[in-house]
Amino acid sequence: MTLLQELESRLAAALTATLGEPATAAVTAAADLRFGDYQSNAAMVLAKQRKTNPRALAQEIIDHLDLTDLATADIAGPGFINFRILPSAYAARTASLIRDERLGVPATGAGKTVVIDFSAPNVAKPMHVGHIRGTIIGDSLARIARFLGFKVIADNHIGDWGTQFGMIIYGWNQFLDEAALTADPITELVRVYRKVTSMKEDPGVLDACKAELVKLQAGDPENLAIWQKCIDVSKAGLQKIYDRLDVRFDHWHGESFYNDRLAGVVEEFIEKGIARESNGAICVFSDGTKPKEDDPFLVHKEDGWTDNPAIIRKADGGYLYATSDLATIQFRIDEWKADHVWYVVGVPQQLHFRQLFDAAARWGKTGDFQHIQFGSILGDDRKLMRTRSGENVGLVEVLEEAVERAAKAIAEKNPELQGEEAVKISEIVGIGAVKFAELSQGRLTDYVFSWDRMLALQGDTAPYLQYSHVRIRSIFRKLDAPFDATTAEIHLKEPAEIHLARLLVRFGEVLPTILEDFRPNLLANYVLELARAFHSYFEACPVLKADEPIRSSRLALCELTSRTLKQGLYLLGIEVPERM
RNA sequence: GCGCCUGUAGCUCAGUUGGAUAGAGCACCCGCCUUCUAAGCGGGAUGUCCCGUGUUCGAAUCACGGCGGGCGCACCA
């Protein structure tokens, strides 16, 4: 049980005693340390309902409150109940955390399976900075869910099928430079693809592309072979980026994986009356579903008739995005037995997902489907970055620059680090900076891409966090004898060490809340606070020079901080170096 | 036209879901390295929370109406 839960449980007992009937109320971390460690507005809420004086009610609650060995409570302001945790209680808590592999984090996801669909780039198109967001947020959510006990299936639903292959195959046949393909397959594929897109105006070219696509979809062996080759080199290129980002997938079930299921899905939709023909296309309208009537996404206000159908088969018989996504849902629910399916995909696709989830529900595929949307990365013109416009900053380019800047900083700040070690640390620091810049931000806000913003190494950044870990490791390197933190007694006296303990204890409270709204930035905020607390502690409380038993106590706190920080950063996908 | 997201310090952003005197970082000023790594610590200045009305003990947060920015609305993904 976390400290917060412990307080809630004791408060519930007091409320029940006060009111003479079962009652519970929320406790939250105090907004300001002046008010204590935790607070509850239970008295104010209840007094409102009962039309009594909130402060008087708060006093009554406190009279019934048993906080033995845990905290003190007092009334403040309009009727807040403020809790101050006893240092001895913090000491007991931290001591037990040191012996806890899970660092106090409850397994809230145990027994549940979640499929997380993220990154999902199109093959044969370069990944630009716009792709980084979904990839990093998705990976972080996967790590967090896994640590919370979920069975996580990370699935990279790559765009490996569809109209763009007409152009790619046409380009492959017309313009491919075999030597260039061997040397740098991705670059060559991208060059070919861009060349063809630039020629789209030419109706002859367009028709030729369509013809290639039709041949591919009909199973033409030659085109299939080209397609397969494209997929292979693209995957290899993507894998390199993922390796560098330390992003892992359990599966790469791209769109092509579902090809042979699409016809069946459409048939079933028609048969069950969920989809019907309109202007030659097969569409899923949301008419006939009463509960959806006031859903602005799906229903036309004036006549109750939907004007935003999801098209699952084109008039020419071709299948679309929505079709393969439905087949994907079927697979994830039926084969993978998913309880939750989370789509980490940008805001612009929200209508698609509303339609998709609506269609899936009527199809009888039940589960918790979430479109975890994120804001857009804008160009200097404040417009959305597009894959098409080509001049966007490439993802690899950003990583290169980040690592280069980190290397420069290392050369300047710690010239002792040389050779391979310096290279390795530059990588960890540079990549970490990029990831943290993304994760520390609210998921929904749009922002204009800026090198300095994404690659900053000062202030609230990954290097600041990594540096706190480095300082801890430095203490342990200076230790003369092995230290066993699990048997150490914790003594808390200095404000800086109490504050550090306060935050360490909160790790298990913060983590589960992240998945309530899918906000990794809450974890980013937490680790920043923790690192800040550690830096202050480091300055204020000498460790190695302290006398026993304080020395052991402080060492143990360092050990726990190190582990919590490392775990927190791991969940954000950020590595920590031993020195920097 | 309909809908979604968004607007907070000079800049970039948080704000624990309705709580107390709205917080960080950058930039700026002052102080701290013969003591565990100064990528650090301590201190200082900075606000029409876009505007208006409403809901109530209490609003940056909720509702309604405006304004600005981004995006989506039938055979692309």
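If you're wondering where the values come from, they're calculated on a predicted model, not measured in any experiment.

**Digging into the overall build of chain A**
Here is step 1 of the chain: For chain A, the count of helices and strands is 20 helices and 13 strands.
Here is step 2 of the chain: Going through the 580 residues of chain A one by one, you find that 52% of them count as buried.
Here is step 3 of the chain: Restricting to contacts in chain A with at least 6 residues of sequence separation, those with at least 24 account for 75%.
Here is step 4 of the chain: Surface summary for chain A: the accessible area is close to 26,600 Å², and the carbon and sulfur share equals 51%.

**Concerning the packing of aromatic side chains**
Here is step 1 of the chain: Tallying each qualifying case throughout the model produces 22 aromatic pairs.
Here is step 2 of the chain: Taking the centre distance of 6.4 Å and the plane angle of 80° together, the rings of tyrosine 170 and phenylalanine 175 count as edge-to-face.
Here is step 3 of the chain: Aromatic pair tyrosine 343 and phenylalanine 353: ring centres 4.8 Å apart, planes at 45°, arrangement tilted. Here the residue tyrosine 343 occupies a position in strand β10 (residues 340-344), and phenylalanine 353 occupies one in helix α13 (residues 350-363), the gap between them amounting to 10 residues. Take tyrosine 343 and phenylalanine 353: they sit in the same class, and that class is buried.
Here is step 4 of the chain: Chaining the aromatic ring pairs together yields one cluster made of Phe118, Tyr242, Phe249 and Trp252.
Here is step 5 of the chain: In this arrangement the basic side chain of arginine 102 is found over the ring face of phenylalanine 147, its NZ or CZ atom lying 4.9 Å from the centre.
Here is step 6 of the chain: Taking NZ or CZ as reference, arginine 506 lies 5.0 Å from the ring centre of tyrosine 38, over its face.

**A word on the protein's contact with RNA strand B**
Here is step 1 of the chain: Within the structure, RNA strand B sits among 74 residues, and Glu255, Asn308, Lys314, Ser474 and Asp517 are positioned closest to it.
Here is step 2 of the chain: Taken together, the sugar and phosphate atoms account for 63% of what RNA strand B places within 4 Å of the protein.
Here is step 3 of the chain: Contact distances for RNA strand B include 2.6 Å between a phosphate oxygen and a backbone N or O atom of glycine 442.
Here is step 4 of the chain: With respect to RNA strand B, the side chain of tyrosine 464 contributes an N or O atom lying 2.5 Å from a phosphate oxygen.
Here is step 5 of the chain: Sorting the residues of the surface near RNA strand B by element identifies α2 (42-50), β4 (80-85), β8 (281-284), α13, α14 (395-413), α17 (462-477) and α19 (520-540) as the ones contributing at least two each.
Here is step 6 of the chain: Residue classes in the surface near RNA strand B are distributed as 32 nonpolar, 22 polar and 20 charged.

**Comments concerning the confidence of the model for chain A**
Here is step 1 of the chain: For chain A, mean pLDDT is 91; residues scoring 70 or higher make up 95% of the total.
Here is step 2 of the chain: pLDDT under 50 marks residues 288-294. Its contacts with residues more than four places away, or in other chains, come to six contacts.
Here is step 3 of the chain: Predicted confidence for residues 299-306 stays below pLDDT 50, and this span has 16 contacts to residues more than four positions away or in other chains.
Here is step 4 of the chain: The ipTM assigned to the predicted complex is 0.95, against a pTM of 0.94.

**Some remarks on the sheet that holds β4**
Pairing between sheet strands relies on hydrogen bonds along the backbone, with the strands arranged either parallel or antiparallel.
Here is step 1 of the chain: Taken in spatial order, the four strands of this open sheet run β1-β2-β4-β3, and their pairing is antiparallel. At either margin of the open sheet sits one strand with a lone partner, and together these are β1 (28-29) and β3 (71-76).
Here is step 2 of the chain: Sheet topology note: the β3/β4 ladder contains six bridges and is antiparallel. Paired with alanine 71 across the strands is isoleucine 85, a residue of β4.
Here is step 3 of the chain: Sheet strands touched by helix α3 (residues 54-64): β3 and β4. Its angle to β3, the strand with the most contacts, is close to 165°.

**Considering the side chain of glutamine 39**
Here is step 1 of the chain: Tracing the sequence through the fold places glutamine 39 in strand β2 (residues 38-40).
Here is step 2 of the chain: The residues touching glutamine 39, leaving out its near neighbours within four places in the chain, are Ala26, Val27, Thr28, Ala29, Ala30, Ala31, Phe80, Ile81, Asn82 and Phe83.

**Remarks on the layout of surface pockets**
Here is step 1 of the chain: Taken as a whole, the second largest pocket spans an internal volume of roughly 680 Å³.
Here is step 2 of the chain: Along the wall of the second largest pocket there are 31 residues; nearest its centre are Pro126, Ile186, Thr187, Ile241 and Val396.
Here is step 3 of the chain: Taken together, the elements giving at least two residues each to the lining of the second largest pocket come down to α8 (185-198), α10 (221-245) and α14.
Here is step 4 of the chain: The greatest single-element share of the lining of the second largest pocket, amounting to eight residues, is contributed by α10.
Here is step 5 of the chain: Partitioned by chemical class, the residues of the lining of the second largest pocket number 15 nonpolar, nine polar and seven charged.

**Focus on the sheet that holds strand β6 (residues 151-155)**
Here is step 1 of the chain: On the basis of which strands lie adjacent, the open sheet formed by four strands has the order β6-β5-β10-β11 and parallel pairing. A single partner strand is all that each edge strand has here, and the edge strands are β6 and β11 (368-372). Direction aside, neighbouring strands of the sheet carry axes that sit 15° apart on average.
Here is step 2 of the chain: Two strands pair when backbone bridges link them, and β10 and β11 are joined in this way by five bridges, in the parallel orientation. Each residue of the ladder has a partner; that of histidine 340, found in β11, is aspartate 368.

Rules used throughout
- Residues numbered from 1 in each chain as written.
- Chains lettered and ligands numbered in written order.
- Predicted model: local features only at pLDDT ≥ 70, side-chain atom pairs only at ≥ 80, totals over all residues.
- Heavy atoms only, no water.
- Helix = DSSP H or I, 4+ residues; strand = E, 2+ residues; numbered from the N terminus.
- Buried < 20%, exposed > 50% of the residue type's maximum accessible area, 1.4 Å probe, protein only.
- Contact = heavy atoms within 4.5 Å.
- Areas by Shrake-Rupley, 256 points an atom, 1.4 Å probe, with all protein chains shown as cover.
- Phe/Tyr/Trp six-rings, centres within 6.5 Å; stacked < 30°, edge-to-face > 60°.
- Lys NZ or Arg CZ within 6 Å of the ring centre and 35° of its normal.
- Near = heavy atom within 4 Å.
- Polar contact = N/O pair within 3.5 Å; in protein donor to acceptor, adjacent residues only side chain to side chain.
- Nonpolar A, V, L, I, M, F, W, Y, C, P; charged D, E, K, R; others polar.
- pLDDT = per-residue confidence, 0-100.
- Pairing = 2+ DSSP bridges.
- Axes fitted to C-alpha atoms, helices over the stretch in contact; angles between N-to-C directions.
- 1 Å grid on protein atoms, 1.4 Å probe; cavity = no way out; pocket = protein on both sides within 12 Å on 5 of 7 lines; lining within 4 Å.
- Points joined across faces, edges and corners; volume = space filled by probe spheres on them.

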